[in-house]
Structure formats: C-alpha cells, structure tokens
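# Summary of structural features
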Amino acid sequence: MISSTRFIIAITLIASFYAVPLKAQPQQKGPWFFSIDGGGAHQSEADLSDRTGGFSIDRWFVSGGVDYAWSRRDSVGISIGGGQSNYDFVDDSSFGGGDPWDKIDEMRVSLNGRFGFGETGSIFIIPTLRFNGEKDASSSDSRTWGLFAAATWKVKENLTIGPGIGIFSRLESGTRVFPILAIDWNITDRWNLSTGRGLASSVGPGLTLSYKLNDDWSFGVAARYESKEFRLDDDGPVAGGVGRDKSMPLVFSANLSPNKKLNLSAFLGVAFGGELRVRDSMNVTVDESDYDVALLAGVTFEYRF
C-alpha cells in the first residue's frame, strides 16, 4: 500500500474534491493544462448508536493532473492522487472487536475524457483505479475500479444538463451502480447549481448551490452521499476483512479565487446518516453500527497552470 511519508504530509493538509468537470478549461495558453489540488478534513468524535464508544477521523489527500485540450470542447487527461484517513476509536469502543482499523491509505489514478458532439452536446468519461486499505494490506486485495460517465447538452446559454451514471466495483463481490445528475446552471448572475464534489476517494453523487459575492469570493452549500470501502490488514481483530464507512455530509463553504489559476476553500458542516460496517475475509458481516451526527471542518486548494 501507499507509504505515509513525511514529505507528503509536509505538502499540506489535503482532501481533494472530485466532480464531473462540466465547465470548459479556462482560457490559457494551451493545449496543455496542469493542476495540483488537495486539502484536509476533520470529522469530530461521534458516538456509536448500537455499540459502546465512538470514533473521529482526520483525512488528507493530494493529487496532480495533466490535460491535453485540442479544442475548447475536447480534451483528455490523467490525474494521480494519494492520501490517508486516520480513524481514532476511543478506548472503550466495542465495535468490530474494539479497534478494527486505524490508518487507511488511499490512492487513485483517473483518466478523463471530454468530447463534444453536435452543436451543444458533450460526453464525459472518467475511468478510475483505486487502492484503499491499511498499510500492510495486499495491494491486489485493496484494488477497485470505477467509471463516471455523462452526456450533457447546453439547452440554454445559462444551463448545461444531462444524465450520468457511476459504476464501481466492490472489494469482495458485486458492483454499485448509481445515477448522476450532471448540471451546471447559472440561475442568476450570482447563483449557480452544479454537480457536487466529494472528498478524496469517496464515491457518490451530490449537488452544490453557490453564490458569487464578487470576482474573488463565493459561498456555497453542498450535500452528497458518500461511501468508502477499504481492505483490513492481517493484524487486526478482523484479519483480511473489509471496512465500510458511509454517511451524508452537508457542508457550507467559503471560496476565495484571487486569480483564474488559484482557488482556496474552507468548509464547515455535519455528517449525518452515518454507518460503520465490517465484513470478514469470507464477506460475512461481523459487526455494524450507526453513528451519531458528527461535525465536519476542513480546507481545500486547487491550482491550475
């Protein structure tokens, strides 16, 4: 799995946001575009509803990418990212044998393609390879693949919309399939509704409503469904098993864009509807529990050049 080195941590606290990129690349000297993005997030301690004890999470993630655009509507690219989710279970927790996992390494490699068709149509295709697991877990056992795809049309000058789909494999068996609403709607000169973003290697659809205060500042509220699976190592109480954490975050954000290349954001909100689950290596559920509403706070950045 990914090594947790000091030089990566020194880059910054990070947790990248991910979305179907409906907007065209900003007008720069091309055709090559490079990007670095990342951030960090803290989820406060939440009590387990069905077991004693509770847990908190600290997450960071960083990624870099390159895109080649041969026209305003056509481009291909690749991004590579890595990070970690640090779960801290309290001493009296009884879930999953007491301390089912701690640090989950995350790595993601994504290709992305955007292709125009007709006068107003675009197709987006984003295949992804992910590795999620504890440090000593096998890379091959921690691997999953996924695909985001969407077709959109610019039906009005201020509205681009279309259907999409997410398809993701699971660590033991089965495949998750869910619909996506791909949308970029400038409701007014200041209000915008767009496809939501997710933290790091999370999977799930969402929407963001934002308000542009001026050229530099904007504010938003985002809601989504998140689900994360990861392979457990052979030293814990559920050796070689699979952990799962799902929730529905609702966050408010303040975004600063001092120029067209840099975007900084801070967010605060809650994660509700949370559930932890652990399955053994035979894909049998060993333990599961809902958890209480938890506070979320974090920062992100994005730099394009």
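Quick summary incoming for the structure in this document. Since this is a predicted model, take the numbers as computed values, not measurements.

What counts as what
Residues numbered from 1 in each chain as written. Predicted model: local features only at pLDDT ≥ 70, side-chain atom pairs only at ≥ 80, totals over all residues. Heavy atoms only, no water. Helix = DSSP H or I, 4+ residues; strand = E, 2+ residues; numbered from the N terminus. Buried < 20%, exposed > 50% of the residue type's maximum accessible area, 1.4 Å probe, protein only. Contact = heavy atoms within 4.5 Å. Areas by Shrake-Rupley, 256 points an atom, 1.4 Å probe, with all protein chains shown as cover. Core = buried A, V, L, I, M, F, W, Y, C linked by side-chain atoms within 4.5 Å. Pairing = 2+ DSSP bridges. Salt bridge = Lys/Arg side-chain N within 4 Å of Asp/Glu carboxyl O.

## Re the overall build of the protein chain
Along the backbone of the protein chain there are 1 helix and 18 strands. Buried residues in the protein chain amount to 47% of all 305 residues. In the protein chain, of all internal contacts separated by at least 6 residues, the share reaching a separation of at least 24 is 59%. Only carbon and sulfur atoms are counted for the fraction: they give 59% of the accessible area of the protein chain, which is about 14,600 Å².

## Observations concerning the nonpolar core
By size, the foremost hydrophobic cluster in this structure holds 16 residues, and its most contacted members are F55, Y87, F89, F95, W101 and L276. Apart from the residues lying within four places of it in its own chain, the contact partners of Y87 are F55, S56, I57, W101, D102, I104, K228, F230 and D245. In terms of nonpolar packing, the next biggest core, distinct from the first, is built from 6 residues, A41, A222, F267 and L296 among them.

## Focus: the pairing of strand β6 (residues 121-134)
Successive side chains on a regular strand alternate, one facing one side of the sheet and the next facing the other. Within β6, 10 of the 14 residues are buried, which leaves it mostly tucked inside the rest of the structure. The antiparallel pairing of strand β5 (residues 103-117) with β6 creates a hairpin that spans 3 residues between the two strands, and G118 there sits at a positive phi of about 60 degrees. In terms of strand pairing, β6 meets strand β7 (residues 143-156) through 11 bridges, oriented antiparallel. For L129, the partnering residue across the bridge sits in β7 and is W145.

## Some details on unusual backbone geometry
Unlike most non-glycine residues, N283 shows phi in positive territory, near 70 degrees. As for its placement among the helices and strands, N283 is situated in the loop between β16 (262-279) and β17 (285-291). Classification of N283 as partly exposed rests on a relative accessible area of 31%.

## Considerations on the pattern of salt bridges
Summed over all chains, the structure comprises 12 salt bridges. Its salt-bridge partner being R170, residue E229 comes within 3.1 Å of it at the nearest N-O pair. Linking E229 in strand β14 (residues 226-231) with R170 in the loop between β8 (159-169) and β9 (175-186), this pair joins segments that are 59 residues apart in sequence. For E229, a relative accessible area of 8% puts it in the buried group. Close ionic contact of E275 with K246 constitutes a salt bridge, the shortest N to O distance being 3.7 Å. One end of the pair, E275, is in strand β16; the other, K246, is in strand β15 (residues 242-256), and 29 residues separate them in sequence. If you follow the salt bridges from partner to partner, you end up with K246, E275, R277 and E288 in one network.

## Some details on the pairing of β5
With 12 bridges connecting them, strand β4 (residues 74-89) and β5 associate as antiparallel partners. Note on β5: the bridge partner recorded for I80 is V109. Across 12 bridges, the pairing between β5 and β6 is antiparallel. Residue pairing across strands places F117 opposite G121, the latter belonging to β6.

Purely geometric numbers; function is a separate question.
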